[in-house]
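# Results of the structural survey
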Amino acid sequence: MIKKEIAHIRKHFKLDNEMLKLHDILNVYIMKETNEIYHYERQPFAFVDREKQELYMLNFKKLLTGELDQKMYELKFQDEAEQPSQVLLHQGLVTGNAEEWQDLMLLLVEKMLVDTNYEQDTVITFVRGQYSKPTKSRNEDAMESEKNEMFANLFILCSVNSTEQQKKTLMFDYVEREYKYNVFVDPIIKLNTPEQGFLYPSVTDNYSDVNRILYCSGRAHEPNWHFIEGVLNAEKTVTALEERSIFEEIVKEVAGDQLDTAMIAHVYEEIHRVIETNEAEEPPKLDYKDVERMLSASGVENVTTERVERAFQNVVDDKNFEMKASSVMPKFTSKSIKIETKVATITVSPQDLKYVRQVNHQGKRCILIEVDEDVVIEGFNINTETL
């Protein structure tokens, strides 16, 4: 599954979209005190009030928003899992019986309650439906409508949302002309900030891949591994944060711990060039040959194939390991690099890192930042000193 496919699915979640058909929705309420199902309700999505439909659509779009390997993870199912969730989901996907689908999803909820303590009352929402995509790009001059040839994908989407108690308020009654203390006892379901969820099945080249699932985390770089392994019965994957750490360790193995900022900036520029010049649908990956080339081009001394292979072997125990290029560095054009000192925290982008240096001035380490304009602090222009 690639970024374009996720974006295509996400944009379908809007009302009155003839390319999206939502059949049924199931809401399951979990009480935190008992960790049990308190109530569940299933109904055809078309029967849901339009205002509620809009809230659900926003929830589903929010769930499917984020970067791959940072907030969303395409996962393989485990080969040998007891009572595999893949079977429940696949049966739920193909059944035409809404009650059977409900029972299968409730079995999945039972798995979510095992060895899990919810901090707040929680609502688990399942929806099943189908979205479509033209097999060809739109041709305005074509005699036949593009909708005659479509990729049609059945899916099940799940969103896990916590609740919160409404705040006590002081209200003014216009009729009685008096101030009243008001307490709302009904909890608010936080549909705008889903905790986690999933989309089944995954999609590859517009075709459903029933052996994979897209897991969605509520927060970047914080996948719930208990949910992934114990509930979905999916395999662990290497996250973008882990790949970045692996890349850093490999570079240290080859180049040592002490690198100048110009060298690091050059490495980032090389990675960015690989990403920008990639013409394949799949995101580009870096192997030991790519790392060797980048380090050599960046001025690292004594870089050899053998040293880089050995570094891969030492760090990940696999010299043929590949990393996604987009995962191993901060966002290139945003101020995504933090330089933290006891005096100040400075943020720069990888493309501007070449303008930052650490220097020794009068026996003290200093950070030197090259600038093109006068520096202004709290409205005051700062004098330029000559070192």
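Residues numbered from 1 in each chain as written. Predicted model: local features only at pLDDT ≥ 70, side-chain atom pairs only at ≥ 80, totals over all residues. Heavy atoms only, no water.

An unreviewed UniProt entry lists the chain under the name DUF4317 domain-containing protein, with Paenibacillus pectinilyticus as the source organism.

## Description of the pattern of salt bridges
Note the cut-off: Any Lys or Arg side-chain nitrogen located within 4 Å of an Asp or Glu carboxyl oxygen qualifies as a salt bridge. The way it works is that DSSP assigns letters per residue, a run of H or I at least four long becomes a helix, a run of E at least two long becomes a strand, and they are numbered from the N terminus. Any residue under 20% of the maximum accessible area for its type is buried, any over 50% is exposed, and the rest in between are partly exposed; the area is computed with a 1.4 Å probe on protein chains only.
Tallied over the full model, the rule gives 12 salt bridges. Two residues, Arg128 and Asp24, come together in a salt bridge whose shortest N-O distance is 3.0 Å. Here Arg128 is found in strand 4 (residues 122-134), whereas its partner Asp24 is found in strand 1 (residues 20-31), with 104 residues between them in sequence. Judged by its relative accessible area of 7%, Asp24 is buried. A salt bridge links Asp69 to Lys324; the nearest nitrogen and oxygen atoms lie 2.5 Å apart. Note that Asp69 is positioned in the loop between helix 2 (50-63) and strand 3 (72-76) and Lys324 in strand 14 (residues 323-324), a separation of 255 residues in sequence. Residue Asp69 is classed as buried on the basis of its relative accessible area of 8%. Shared partners join several salt bridges into a network, and the residues in it are Asp173, Glu178 and Lys180.

## Let's talk about helix 3 (residues 85-94)
The criterion, for reference: Directions pointing from the helix axis toward each C-beta atom define the arc. Any two residues whose heavy atoms approach within 4.5 Å at even a single point are treated as in contact.
Those residues of helix 3 not exposed but buried are Ser85, Leu88, Leu89, Gly92 and Leu93. Summarising the axial view, the buried residues of helix 3 lie within an arc of 135 degrees, below the 170-degree limit, and thus occupy one face. Where the residues of helix 3 are buried, they touch helix 4 (98-113), strand 4, strand 5 (150-164), strand 9 (196-200), strand 12 (212-217) and helix 5 (225-231).

## Some words on a negative patch on the surface
Cut-off, in case you're wondering: Patch criteria: residues need more than 30% relative accessible area and no salt bridge. Like-charged residues are merged within 9 Å; nonpolar side chains of Val, Leu, Ile, Met, Phe, Trp and Tyr are merged within 5 Å. We get accessible surface area from the Shrake-Rupley algorithm with a probe of 1.4 Å; when it comes to residues, only the shown protein chains can shield them. The positive count covers Lys and Arg only, the negative count covers Asp and Glu only, and His and the chain ends enter neither. Charged groups are reduced to one reference atom each: NZ for lysine, CZ for arginine, CG for aspartic acid, CD for glutamic acid.
Taken together, the side chains of Glu370, Asp372, Glu373 and Asp374 make up a negatively charged region of the molecular surface. With respect to the helices and strands, Glu373 occurs in the loop between strand 18 (364-369) and strand 19 (376-377). Note on Glu373: relative accessible area 52%, which makes it exposed.

## Observations concerning the environment of Val274
For Val274, the location among the structural elements is in helix 7 (residues 261-277). Overall, Val274 belongs to the buried group, its relative accessible area being 15%. Taking C-alpha positions, Val274 is 55 Å from Phe184, a pair spaced 90 residues apart along the chain. Among residues more than four places away in sequence, those in contact with Val274 are Pro284, Leu286, Arg293 and Met294.

## Description of the pairing of strand 3
Every other side chain in a regular strand lies on the same face of the sheet, so the side chains alternate between the two faces. To keep it simple, the criterion reads: DSSP bridges decide pairing: two strands pair if at least two such bridges lie between them.
Within strand 3, four of the five residues are buried, which leaves it mostly tucked inside the rest of the structure. Examined bridge by bridge, strand 3 and strand 12 share five bridges and lie antiparallel to one another. Looking at the pairing, Leu75 lines up with Ile213 of strand 12.

## Considering the side chain of Asp121
The condition that has to hold: Identification of polar contacts relies on pairs of N or O atoms within 3.5 Å, with a donor-acceptor requirement for protein atoms, meaning one able to donate a hydrogen and the other able to accept it, and with residues adjacent in sequence counted only if both atoms are side-chain atoms.
Along the polypeptide, Asp121 turns up in the loop between helix 4 and strand 4. For the buried residue Asp121, which engages in no salt bridge, the nearest side chain bearing the opposite charge is Lys32, 5.8 Å off. Looking at Asp121, its side chain comes within polar contact range of the side chain of Tyr29, at 2.9 Å. Once you skip the residues sitting within four places of it in the chain, Asp121 turns out to touch Tyr29, Ile30, Met31, Lys32, Glu33, Asn161, Ser162 and Thr163.

## So, the packing of aromatic side chains
What describes a pair of aromatic rings is the distance from one ring centre to the other and the angle between the planes of the rings. To keep things clear, this is the line we draw: Aromatic pairing here means that ring centres of Phe, Tyr or Trp (its six-membered ring) are within 6.5 Å. Orientation follows from the plane angle: under 30 degrees is stacked, over 60 is edge-to-face, and everything else is tilted. A positively charged side chain is recorded as over a ring if its NZ (Lys) or CZ (Arg) lies within 6 Å of the ring centre. The angle to the ring normal must also be within 35 degrees.
Tallied over the full model, the rule gives 11 aromatic pairs. Aromatic side chains Phe172 and Tyr174 sit 5.5 Å apart centroid to centroid with 80 degrees between the ring planes, which places their arrangement in the edge-to-face category. Of the residues examined, Tyr174 reaches a relative accessible area of 72% and is grouped as exposed. An aromatic cluster of three or more residues is present, and its members are Phe13, Phe45, Tyr56, Phe60, Tyr131 and Phe155. Above the ring of Trp225, the side-chain terminus of Lys236 is found at 5.2 Å from the ring centroid.

## Quick word on the packing of helix 7 against helix 8 (residues 288-297)
Test applied: All axes here are fitted lines through C-alpha atoms, helices being fitted over the stretch that makes contact, and every angle between N-to-C directions spans 0 to 180 degrees. If an angle is under 35 degrees, it is roughly parallel; if it is over 145, roughly antiparallel; if it lies from 65 to 115, roughly perpendicular; otherwise it is oblique. Crossings are assigned a handedness: left-handed for a near helix turned anticlockwise from the far helix by less than a right angle, right-handed for a clockwise turn.
It is the contact of helix 7 with helix 8, at a shortest axis distance of 8 Å, that shows an interaxial angle of 135 degrees. Here helix 7 is positioned oblique relative to helix 8, judged by the angle of their axes. As for the relative orientation of helix 7 and helix 8, their crossing is right-handed in sense. In contact with His266, Val267, Glu270, Ile271, Arg273 and Val274 of helix 7, helix 8 contributes Arg293, Met294, Leu295 and Ala297.

## Remarks on the packing of helix 3 against helix 4
Convention followed: Any residue that is not Ala, Val, Leu, Ile, Met, Phe, Trp, Tyr, Cys, Pro, Asp, Glu, Lys or Arg is counted as polar, Gly included; the first ten are nonpolar and the last four charged.
Their axes nearest at 9 Å, the elements helix 3 and helix 4 cross at an angle of 155 degrees. Put simply, helix 3 runs roughly antiparallel to helix 4. As for how helix 3 packs across helix 4, the hand of that crossing is left-handed. On the side of helix 3, the interface is formed by Ser85, Leu88, Leu89, Gln91 and Gly92, while helix 4 contributes Trp101, Leu104, Met105, Leu107, Leu108 and Lys111. Class assignment for the residues of the contact of helix 3 with helix 4 results in seven nonpolar, three polar and one charged.

## Details of a nonpolar patch on the surface
Residues Ile367, Ile369, Val371, Val375, Ile377, Phe380 and Ile382 make up a contiguous nonpolar surface patch of roughly 600 Å² in combined accessible area. Along the chain, the position of Ile369 falls in strand 18.

## So, the domain arrangement of the chain
Note the cut-off: An automatic or database domain assignment provides the domain bounds reported here.
Here the chain is described as being made up of domain 1 (3-136 + 145-237), domain 2 (241-328) and domain 3 (337-381). One C-alpha centre belongs to domain 2, the other to domain 3, and the line joining them spans 26 Å. Taken together, the five residues of domain 2 in the interface contact six residues of domain 3. Seen at the junction of domain 2 and domain 3, the total is one salt bridge. Between Glu269 and Lys354 there is a salt bridge whose closest N-O contact spans 3.6 Å.

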